Amino acid sequence: MPVDFSGTWNLVSNDNFEGYMVALGIDFATRKIAKMLKPQKVIKQDGDSFYIHTTSTFRDYLLEFKVGEEFEEDNKGLDNRKCKSLVTWENDKLVCVQTGEKKNRGWTHWLEGDDLHLELRCENQVCKQVFKRA
Ligand code: VLZ
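Just so we're clear, the structure is a prediction, and the values are computed from it rather than from any experiment.

(A) Inspection of the site of the ligand at higher detail. Taken together, 13 residues lie around the ligand, and Lys41, Ile52, Tyr61, Leu63 and His109 are the ones closest in. Lys41 is positioned such that a nitrogen or oxygen atom in its side chain is 2.7 Å from an oxygen atom of the ligand. In this structure, an oxygen atom belonging to the ligand sits 2.7 Å away from a side-chain N or O atom of His109. Contact with the protein chains covers 96% of the free accessible surface of the ligand, which is 530 Å². Elements that contribute at least two residues to the shell around the ligand include exactly strand E3 (49-55), strand E4 (61-66), strand E8 (106-112) and strand E9 (115-122). Taken together, the residues of the shell around the ligand break down into nine nonpolar, two polar and two charged.

(B) Main features of the side chain of Gln98. Turning to its location among the elements, Gln98 is positioned in strand E7 (residues 93-99). A residue is classified by how much of its surface remains accessible, and Gln98, at 4% relative accessible area, is buried. Within polar-contact distance, the side chain of Gln98 engages the side chain of Glu73 at 2.9 Å. Excluding anything up to four places from it in sequence, Gln98 contacts Glu73, Asn75, Cys83, Lys84, Ser85, Arg105, Gly106 and Trp107.

(C) Just the confidence of the model for the chain, in detail. Scored by pLDDT, the chain comes out at a mean of 97, with 99% of its residues at no less than 70. Among the scores for the predicted complex, ipTM is 0.94 and pTM is 0.97.

(D) Up close: the sheet that holds E4. Taking strand neighbours across the sheet as the criterion, the 10 strands line up as E4-E3-E2-E1-E10-E9-E8-E7-E6-E5 in an open arrangement whose pairing is antiparallel. The open sheet is flanked by E4 and strand E5 (71-73), the only strands paired with a single partner. Within this sheet the neighbouring strands show an average axis-to-axis angle of 25°, counted without direction. Two strands pair when backbone bridges link them, and strand E1 (residues 7-15) and strand E2 (residues 40-46) are joined in this way by four bridges, in the antiparallel orientation.

(E) Region of the structure containing the packing of aromatic side chains. Applying the stated rule across the entire model yields seven aromatic pairs. Judged by centre distance (6.2 Å) and plane angle (25°), the ring pair of Phe5 and Trp89 falls under stacked. Highlighted residues: Phe5 in the segment before E1 and Trp89 in strand E6 (residues 83-90), separated in sequence by 84 residues. When the centroid spacing of 6.3 Å and the interplanar angle of 20° are considered together, the rings of Phe17 and Tyr20 count as stacked. With Phe17 and Tyr20 both in helix H1 (residues 17-23), this residue pair falls three residues apart, about one helical turn. For Tyr20, a relative accessible area of 9% puts it in the buried group. In this structure an aromatic cluster arises from ring pairing among Phe5, Phe50, Phe65, Phe71, Trp89 and Trp107. Positioned over the ring face of Tyr51 is Lys44, at 4.7 Å from the centre of the ring. Taking the ring centre of Trp110 as reference, the NZ or CZ of Lys93 above it sits at 4.3 Å.

Conventions we followed
Throughout, residues of each chain are indexed from 1 in the direction in which the sequence is written. With the structure being a predicted model, the display of local features is reserved for residues of pLDDT at least 70 and the display and counting of side-chain atom pairs for 80 or more, all residues being used for whole-chain, interface and lining totals. In computing side-chain values, all of the structure's heavy atoms are included and hydrogens and water are not. Only heavy atoms are used to decide nearness, and a residue is near a molecule or strand if one of them lies within 4 Å of it. Think of a polar contact as two N or O atoms within 3.5 Å of one another; within protein, one of them needs to be a possible hydrogen donor and the other a possible acceptor, and neighboring residues in sequence only count if both atoms come from side chains. Using the Shrake-Rupley algorithm and a 1.4 Å probe, accessible areas are obtained, with residue cover drawn only from the displayed protein chains. By the criteria applied, helices consist of DSSP H or I runs no shorter than four residues and strands consist of E runs no shorter than two, each listed in order from the N terminus. Only Asp, Glu, Lys and Arg are considered charged in this grouping, and only Ala, Val, Leu, Ile, Met, Phe, Trp, Tyr, Cys and Pro are considered nonpolar; every other residue, Gly among them, is considered polar. For every residue, the accessible area obtained with a 1.4 Å probe (protein chains only) is divided by the maximum for its type, and the residue is called buried under 20%, exposed over 50%, and partly exposed between those limits. Working rule for contacts: check all heavy atoms of both residues, and any pair within 4.5 Å makes them a contact. Known as pLDDT, the predictor's per-residue confidence is scaled from 0 to 100. By definition, two strands form a pair when at least two bridges between them are found by DSSP. Between the N-to-C directions of two axes lies an angle of 0 to 180 degrees, each axis being a line fitted to C-alpha atoms and, for a helix, fitted only over the stretch in contact. For this analysis, a ring pair means two rings from Phe, Tyr or Trp (six-membered ring only for Trp) whose centres lie within 6.5 Å, classed as stacked if their planes differ by under 30 degrees, edge-to-face if by over 60, and tilted for the remaining angles. To sit over a ring, a charge needs its Lys NZ or Arg CZ within 6 Å of the ring centre and within 35 degrees of the ring normal.

Shown next, in the form of structure tokens:
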């Protein structure tokens, strides 16, 4: 059975989101609000087609892509920097490389037990998030 990330997921831990936001140049006031949030992710996966909607009481972010097909990402409501994004499978991990102004930008999703894991990378900062099924 191929891995299936589909579901509704609630954030339960968020390590170094502050460092990740600083690396992205998010301003102080926005960071203070954003780090208090407990975002929810709704993921719909149909084979290699993904819909990932990250929602919170403050801002939402919607990403839709197909694995292996590069797309333009606007990062609207995050740092608003455009980049070229490519998501690929590395075994059962979903790996996104976001090529643009920021070096070493990207993320990786994987499942571990009943949990959804997400590593967010920008420059020399790594944020680690864990989600549980809602
Ligand atoms: O996730 O790139 O699942 O896009 C946080 C919203 C969204 C809260 C973070 C507002 C998006 C923050 C992380 C204001 C600065 C992300 C990908 C992988 C899909």
